[in-house]
Amino acid sequence: MLHSRTDTLIQTGPIAAALIGVWTLRHFSDIAEGLPPQLPFGPEAKGLLIYTPDGFVSALLMATGRQDLSGDGLLDGTPEQYTAAGRSFIGYSGVYEVDEALSVVTHRPIVAFAPNMVGSGQRRLVELNGDVLVLTAEHVRSASSVPARSRLEWTRAKGSRSEEK
């Protein structure tokens, strides 16, 4: 079932207004105290982040240079290929809400590559500077149980139609 935002007050405020649009990933790093910064998807990660005025969000991130699945179909990969593809991709879509006082946006996935994300609250600290957006998320690295912060730097996308004008 598709969730509707008609039952929710659409938020207004400077942060909510500034988020609306399409953003492209510039840099993605994980930072943990006492450890060197990590680049989970390498130095040239790609991504799109989309916020709509009516409260929907979509986030897609991936490593570059990912191996193709064998065969032509989506289901034609080997278990090893699926594992590698899954470790180099994040994707979800859902709704978002902004806490203007705390400079926080919370993404609430309705669909997601990782099933445990569905229905969760993905809280991000927001820093905006013109056409640059930085989102910071606290989490625990599963391998080390060390608290870490993901820092995602985005730039506002310049659409091909707007460039034609």
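Since we're looking at a predicted model, the values are computed, not measured.

With respect to the overall build of the protein
A count of helices and strands for the protein gives three helices and eight strands. Secondary structure elements of the protein occur, N-terminal to C-terminal, as α-β-β-β-α-β-β-β-β-β-α. Within the protein, the fraction of its 165 residues that count as buried is 31%. For the protein, the share of sequence-separated contacts (at least 6 apart) that also reach a separation of at least 24 residues comes to 50%. When the accessible surface of the protein is totalled, it reaches about 10,200 Å², and 57% of it is carbon and sulfur.

Observations concerning the side chain of Ser120
Within the secondary structure, Ser120 sits in the loop between β5 (104–112) and β6 (122–129). Of the polar contacts made by the side chain of Ser120, one reaches the backbone oxygen of Met117; its length is 2.6 Å. A polar side-chain atom of Ser120 sits 2.7 Å from a polar atom in the side chain of Gln122. With residues near it in sequence (within four places) discarded, Ser120 still touches His107, Arg108 and Pro109.

Things to note about the pattern of salt bridges
Applying the stated criterion to the full structure yields five salt bridges. The salt bridge involving Glu153 is made with Arg26; its shortest N-O contact spans 3.4 Å. Here the residue Glu153 occupies a position in strand β8 (residues 147–156), and Arg26 occupies one in strand β1 (residues 21–32), the gap between them amounting to 127 residues. Note on Arg26: relative accessible area 44%, which makes it partly exposed.

Section: the nonpolar core
Core analysis: the biggest nonpolar cluster contains 24 residues, and Leu49, Tyr51, Leu133 and Trp154 have the highest contact counts within it. Within the residue set of this core, elements represented by two or more residues are α1 (14–19), β1, β2 (46–51), β3 (56–62), β4 (89–99), β7 (132–140) and β8. Apart from residues lying up to four places away in sequence, Leu49 is in contact with Gly21, Val22, Trp23, Val57, Ser58, Ala59, His107, Leu133, Leu135 and Trp154.

Some words on the environment of Gly94
Inspection of the secondary structure puts Gly94 in strand β4. Take Gly94: its relative accessible area is 3%, and that puts it in the buried class. A sequence separation of 24 residues divides Gly94 from Val118, and the C-alpha atoms of the two residues are 8.6 Å apart. Apart from the residues within four sequence positions on either side, Gly94 is in contact with Gly55, Phe56, Val57, Arg108, Pro109 and Ile110.

Considering a nonpolar patch on the surface
Together, Val22, Leu48 and Ile50 give the surface a local cluster of nonpolar side chains, amounting to about 200 Å² of exposed area. Looking at the secondary structure, you find Ile50 in strand β2.

Observations concerning the packing of aromatic side chains
For the structure on display, the rule yields three aromatic pairs. A centroid spacing of 4.8 Å and a plane angle of 75 degrees characterise the contact between Tyr51 and Tyr96, whose relative ring orientation is edge-to-face. Of the two residues, Tyr51 is situated in strand β2 and Tyr96 in strand β4; the sequence distance between them amounts to 45 residues. The pair formed by Tyr51 and Tyr96 is uniform in burial state, with each residue classed as buried. Geometrically, the ring pair formed by Phe89 and Phe113 is edge-to-face, given 5.9 Å between the ring centres and 80 degrees between the ring planes.

So, the pairing of β3
Pairing geometry for β2 and β3, over six bridges, is antiparallel. Counted as the bridge partner of Lys46 is Met62 from β3. Linking β2 to β3, which pair antiparallel, is a turn of four residues; within it Gly55 sits at a positive phi near 95 degrees. Direction of pairing for β3 relative to β4: antiparallel, over a ladder of seven bridges. In the sheet register, Met62 faces β4, and the bridge partner there is Phe89.

Cut-offs used in this document
Residues numbered from 1 in each chain as written. Predicted model: local features only at pLDDT ≥ 70, side-chain atom pairs only at ≥ 80, totals over all residues. Heavy atoms only, no water. Helix = DSSP H or I, 4+ residues; strand = E, 2+ residues; numbered from the N terminus. Buried < 20%, exposed > 50% of the residue type's maximum accessible area, 1.4 Å probe, protein only. Contact = heavy atoms within 4.5 Å. Areas by Shrake-Rupley, 256 points an atom, 1.4 Å probe, with all protein chains shown as cover. Polar contact = N/O pair within 3.5 Å; in protein donor to acceptor, adjacent residues only side chain to side chain. Salt bridge = Lys/Arg side-chain N within 4 Å of Asp/Glu carboxyl O. Core = buried A, V, L, I, M, F, W, Y, C linked by side-chain atoms within 4.5 Å. Patch = residues over 30% accessible without salt bridge, like charges linked within 9 Å, V, L, I, M, F, W, Y side chains within 5 Å. Phe/Tyr/Trp six-rings, centres within 6.5 Å; stacked < 30°, edge-to-face > 60°. Pairing = 2+ DSSP bridges.

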